[in-house]
Amino acid sequence: MTDATPATALKRTPLRDVHVKAGAKMVPFGGWDMPVQYTGIIDEHRAVRRAVGLFDISHMGEFEVRGADALAAVQRLCTNDAATLAAGQVQYSILCYPEGGIVDDLTIYRLADDHFMLVVNASNIDKDWAWVTSHSVGRATWKNVSDATALLAVQGPRAEGLVGRLADRDVTGIAYYHFARGAVAGVPAIISRTGYTGEDGFELYIDAGSAERLWDALIEAGRPDGLQPIGLGARDTLRLEMKYALYGNDIDQTTNPLEAGLGWVVKPAKGDFLGRDAIEALRARGVGRKLVGFEMVERAVPRHGYRLLAGGAPIGVVTSGSFGPSVERCIGIGYAATEHSAVGRELSVEIRGAANAARVVKTPFQPSHTKKA
Amino acid sequence: MANVPAGLKYTREHEWAKVEGDRARIGITAFAQEQLGDVVFVELPKVGAKVTAMKTFGVVESVKAVSDLFAPVSGEVVEANADLPKSPELVNSDPYGKGWMLVIRMSNPKDADSLMSAADYEKLIADGGH
């Protein structure tokens, strides 16, 4: 998840200097100078599962679209059915190319009947902006508010108590994939019950100029809860244990939503959208490979790009893998030929030329503790 | 600053060697394990295998990265740390002690003379380790 962009060209979140001062190890990620860890990936991962963690994910992109045809534009661009959203609801969705490949995965916030916010991956902001503005329809006005917006995630079993103490409104009533407006530590925020960890928690959208104030307030108020700042390293192992897809690793232009196990956010019944015909043709034909979760039989670390084998022959590729700090096993996800994708199937992962035994398992690897609706 | 014990010899690749007669006990330095982060996998050669100075003898993997291990000296592996496959985190918690990797019977004990002193290695890591 690192890249080779020179450090001088890297973009910075409003909290970059705060991370450096806190002793974070900084790495380039998707063109951004980001904290990969503070104390250590495994320690931070466990803090989120057991207590509460604070993430700076201000590198994520936010686009707003409003106008009489805002819904029509979102419906044209995204695979999921945004018409089912009431104001105050959030939806996971996908932007597809007409050929069925994935432009990006995203979350959609219905801010009002005629007003939406799309939250996209940091590394895709420029590509997505060009895509949505050139494929929009009707009377819809787009605004890229990425630079003006900071995003902090508070995740873990103690997130609700912590955010609740600092908020000027009740947060216990905000259901999973819903949001409300309020002030947290005096900072006006969209308080969203969403995340990328499998734990209960919130994502807080705020003005970039208030990021440091809210960060400091959460660090201070979270001390008795055992709150820790969490880097991208643990963000990756936390999402891996949930088999949440990561754009650029597990999904990209060469993969389609069906083989990625994301068919549940493709809603052909809603009407036409970019990629619909290609995806429906695929659905009729059946996909040749599926994104599976697997665990290693012996300790050995599967990594992005390693080959999956069955009976010595290549049948797929690993897209993400690591030691899973909560499941305490080496786990991975990858595309396996459909005939080798069933739970229980024995495969192997080619690591430095040797076949290492693995088996396809049920996912998520770790039980989800997100708030139930 | 990372811990650099005075009695050991070092490589530019951040391995240490503790030389006793014709044997060298080897591992990776405190600086190396800090740079790697949480170690989750160590692959070592078996007892009886031959290793060659400055060539790779194994692999250490952290959550984020795969790194080759380079032999400080040439010779035959006479012991390999049997605790590391199950407890690779020992490399983080005790890199010069319980996190040791191999004992090598040196084919040419003079090899050890060409390794870095603790003072030179401290200088190397003060310059960022490269």
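Residues numbered from 1 in each chain as written. Chains lettered and ligands numbered in written order. Predicted model: local features only at pLDDT ≥ 70, side-chain atom pairs only at ≥ 80, totals over all residues. Heavy atoms only, no water.

Draft legend 1. A look at the interface of chain A and chain B. In this complex, chain A contributes 19 residues to the contact, which on the side of chain B involves 17 residues. Area buried by chain A at its contact with chain B is led by Arg299(A), Arg303(A) and Arg352(A), which between them contribute 46% of it. Linking chain A to chain B there are four salt bridges. Notably, a salt bridge pairs Asp236(A) with Lys64(B), separated by 3.8 Å at the nearest N-O pair. Here chain A is connected to chain B by 11 residue pairs in polar contact (both at pLDDT 80 or more). Put simply, the parts of the chain that give the side of chain A that touches chain B at least two residues each are β2 (32-37), α2 (41-50), α7 (232-241) and β16 (313-324) of chain A. Here the side of chain A that touches chain B is built from residues that sort into eight nonpolar, five polar and six charged. (Contact = heavy atoms within 4.5 Å. Buried area = accessible area lost by both parts, 1.4 Å probe. Salt bridge = Lys/Arg side-chain N within 4 Å of Asp/Glu carboxyl O. Polar contact = N/O pair within 3.5 Å; in protein donor to acceptor, adjacent residues only side chain to side chain. Helix = DSSP H or I, 4+ residues; strand = E, 2+ residues; numbered from the N terminus. Nonpolar A, V, L, I, M, F, W, Y, C, P; charged D, E, K, R; others polar.)

Draft legend 2. Highlighting the nonpolar core. All names here are of chain A. The biggest cluster of nonpolar side chains holds 60 residues, and the ones touching the most others in it are Tyr 109, Ile 251, Met 296 and Val 349. Other than its neighbours up to four places away in sequence, Met 296 contacts Pro 302, Cys 330, Val 349, Ile 351, Asn 356, Ala 357 and Ala 358. Formed by 29 residues, the second largest nonpolar core is a distinct cluster that contains Tyr 38, Ala 159, Val 187 and Ala 221. (Core = buried A, V, L, I, M, F, W, Y, C linked by side-chain atoms within 4.5 Å. Buried < 20%, exposed > 50% of the residue type's maximum accessible area, 1.4 Å probe, protein only.)

Draft legend 3. Broad picture of the sheet that holds strand β7 (residues 115-120) of chain A. Residue and element names in this part refer to chain A. Spatially, β5-β6-β7-β4-β8 is the arrangement adopted by the five strands of the open sheet, whose pairing is antiparallel. Looking at the sheet topology across the chains shown, the edges are occupied by β5 (90-96) and β8 (141-144). Neighbour to neighbour, the strand axes of the sheet diverge by 30 degrees on average, direction disregarded. Here strand β4 (residues 61-66) runs beside β7; their pairing, made up of six bridges, is antiparallel. The residue bridging Gly 61 from the neighbouring strand is Val 120, located in β7. Seen against the sheet, helix α3 (residues 70-77) touches β4, β5, β6 (102-112), β7 and β8 and runs at an angle of roughly 30 degrees to β7. (Pairing = 2+ DSSP bridges. Axes fitted to C-alpha atoms, helices over the stretch in contact; angles between N-to-C directions.)

Draft legend 4. Representation of the packing of aromatic side chains within the structure. As enumerated under the stated definition, the model contains nine aromatic pairs over all chains in all. An angle of 50 degrees between the planes, with centres 5.4 Å apart, marks the rings of Tyr109(A) and Phe179(A) as tilted. With Tyr109(A) in strand β6 and Phe179(A) in strand β10 (residues 179-184), the pair connects residues that are 70 residues apart, well separated along the chain. For the pair Tyr109(A) and Phe179(A), a shared accessibility class is recorded, and that class is buried. The rings of Tyr109(A), Phe179(A) and Tyr205(A) are connected pair by pair, giving a single aromatic cluster. Just above the ring of Tyr335(A) sits the side chain of Arg289(A); from NZ or CZ to the centre is 4.1 Å. Between Arg25(B) and the ring centre of Trp100(B), over which it is positioned, the NZ or CZ distance is 4.6 Å. (Phe/Tyr/Trp six-rings, centres within 6.5 Å; stacked < 30°, edge-to-face > 60°. Lys NZ or Arg CZ within 6 Å of the ring centre and 35° of its normal.)

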